[in-house]
Amino acid sequence: MRVIVFYIAALLLFTLPVLLIAEFTLRYLLHQGDAARRARFEHARSYMVSDPQIGLVQSRNFRFRLEWPESRHGHILYRTNNLGFREDADTTGQKAPGTLRVLVFGDSHTDGVVHNPDSFANLSEALLRQKGIAAEVINAGVGMFSLYQQQLLFERHRNLEPDAAVFVQYAGNDYEEILSGTDKARLRLESDGSVTKIPPGDSYLNLIQGVRFEDMPAPYGPEMLSSSSLVLHRIKQLPAIFRPVTLEQTKARYRDILSQDIAQAAFFAREPERFAEAAALHRYVLKNLRSQARTLPVLLVLLPTRYQLEPASARKRFAHLELIFGLNAKQKRSDLVLEDMRMAARASGLQWLDLFAPLREARSASDADLYYYSDHHLNERGHAVVAD
């Protein structure tokens, strides 16, 4: 018996220091990893900066690497130039002689969850150059922008002497975006049908400061400030009794990081009367763009949602969010928004292009997805199809 006790005591004396060293090493490594992720988080949220006229714009000369396993590169390199455009090269105020300069505006789908050369704006430029056209297609997309903020950015950069302007409208959240966001310049529809322009209120910097590193789940990385996959992860970790059941509760808990199809669908399911308001404001901006088109060609491009093109994949990925908000198929597919965008485009007098048919054809011809599985955004193949 004494021998057994002796061996147990010896084993404890030997293993205890080893365990203490192992725990200390593990804690140190975790701290180092946590510090690195915290640094990336602080850098990532400086991607957008406050702007007194528009509310927020992309930082100039910004560099950031986002780990993204679904990308063919394994990561996304966010890079902006001297004017805050998603371009590797700087944009000069005076275009080169004989150059066709096109500005492409839109939201995060235009900005792109891709490397700059893989965005449909830059791929379009490459295709035009292959045809012998000296083209400069500038990616002026900014995440979270509605058509109104795009118009304001367009007016700011008219001095770049563009030969044409393209506005990419996304059916998944553009109508919600035109109604929301105190951190951005916005429009208000009055009872008499007139429209009031409202300057930015809350500073974007103040709003983003409310997003804490400690609240960001490590599996997706703290840099992912606006991904529905992050929200889905957070919701799945909550006990059922604490899961949010309304849009307000979800956005309050997740600091406005729920975006895209689900948020817009839930918004209009809860407040259907505001759909007409969004449609009216959308047409108001189109009317303003029509006046711009008297001196400059303007093209509207309508981009459908993942739910409309890849419904099975989208349902599989975001089933939890659908259940939480109790959305039916028609609501979550944003069909009403896309159809209203089509009607508004027809009535605007502007040139327009609906991408639904070509994207559906490309999706039917191949099993390869056009949108990321873990997200709502176009993947590299989706950008290539849009450019083509």
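Residues numbered from 1 in each chain as written. Predicted model: local features only at pLDDT ≥ 70, side-chain atom pairs only at ≥ 80, totals over all residues. Heavy atoms only, no water.

Looking only at helices and strands, the protein has 16 helices and eleven strands in total. Sequence-distant contacts, at least 24 apart, represent 69% of the contacts inside the protein between residues at least 6 apart. Here the protein displays about 18,700 Å² of accessible surface, and carbon together with sulfur accounts for 58% of that area. (Helix = DSSP H or I, 4+ residues; strand = E, 2+ residues; numbered from the N terminus. Contact = heavy atoms within 4.5 Å. Areas by Shrake-Rupley, 256 points an atom, 1.4 Å probe, with all protein chains shown as cover.)

To continue, consider helix 15 (residues 356-365). Considered for burial, the residues of helix 15 that qualify are Phe356, Leu359 and Ala362. When helix 15 is viewed along its axis, its buried side chains cluster within an angular range of 135° and face the same direction. Facing away from the buried surface of helix 15 by more than 90 degrees, the exposed residues are Glu361, Ser364 and Ala365. On its buried face, helix 15 sits against strand 10 (298-303), helix 11 (306-309), helix 14 (335-348), strand 11 (351-354) and helix 16 (380-387). (Buried < 20%, exposed > 50% of the residue type's maximum accessible area, 1.4 Å probe, protein only. Arc of directions from axis to C-beta.)

Take the packing of aromatic side chains next. Counted according to the given criterion, the structure contains nine aromatic pairs. Taking 5.5 Å as the distance between ring centres and 90° as the angle between the ring planes, the aromatic pair formed by Phe154 and Phe167 counts as edge-to-face. One end of the pair, Phe154, is in helix 4 (residues 147-156); the other, Phe167, is in strand 7 (residues 164-170), and 13 residues separate them in sequence. Here the aromatic rings of Tyr175 and Phe275 are separated by 5.7 Å at their centres, their planes lie at 50°, and the arrangement is tilted. Residue Tyr175 is found in helix 5 (residues 174-177), and its partner Phe275 is found in helix 10 (residues 274-292); the two are separated by 100 residues along the sequence. (Phe/Tyr/Trp six-rings, centres within 6.5 Å; stacked < 30°, edge-to-face > 60°.)

For the structure on display, the rule yields 18 salt bridges. Residues Glu67 and Arg65 are paired through a salt bridge, measuring 2.9 Å at the closest nitrogen-oxygen approach. Two residues, Lys95 and Asp163, come together in a salt bridge whose shortest N-O distance is 2.6 Å. Linking Lys95 in the loop between strand 4 (75-79) and strand 5 (100-105) with Asp163 in the loop between helix 4 and strand 7, this pair joins segments that are 68 residues apart in sequence. For Asp163, a relative accessible area of 28% corresponds to the partly exposed category. Through salt bridges that share partners, Arg306, Glu310, Arg363 and Asp369 make up one connected network. (Salt bridge = Lys/Arg side-chain N within 4 Å of Asp/Glu carboxyl O.)

Judged by nonpolar contacts, the single largest core of 73 residues is most densely connected at Val104, Phe105, Phe167, Leu289, Leu303 and Leu359. For Phe105, the contacting residues outside a window of four places in its chain are Thr110, Ala140, Gly141, Gln150, Leu153, Phe154, Ala165, Val166, Phe167 and Val168. (Core = buried A, V, L, I, M, F, W, Y, C linked by side-chain atoms within 4.5 Å.)

A few words now on the packing of helix 4 against helix 10. In the contact formed by helix 4 and helix 10, the axes pass within 9 Å of each other and the chain directions differ by 25°. With respect to each other, helix 4 and helix 10 are oriented roughly parallel. Where helix 4 crosses over helix 10, the handedness of that crossing is left-handed. Residues Leu147, Tyr148, Gln151, Phe154 and Glu155 of helix 4 touch helix 10, and the partners they reach there are His282, Val285, Leu286, Asn288, Leu289 and Gln292. Among the residues making up the contact of helix 4 with helix 10, the classes are represented as six nonpolar, four polar and one charged. (Axes fitted to C-alpha atoms, helices over the stretch in contact; angles between N-to-C directions. Parallel < 35°, antiparallel > 145°, perpendicular 65-115°, else oblique. Left-handed = near helix turned anticlockwise from the far one by under 90°. Nonpolar A, V, L, I, M, F, W, Y, C, P; charged D, E, K, R; others polar.)

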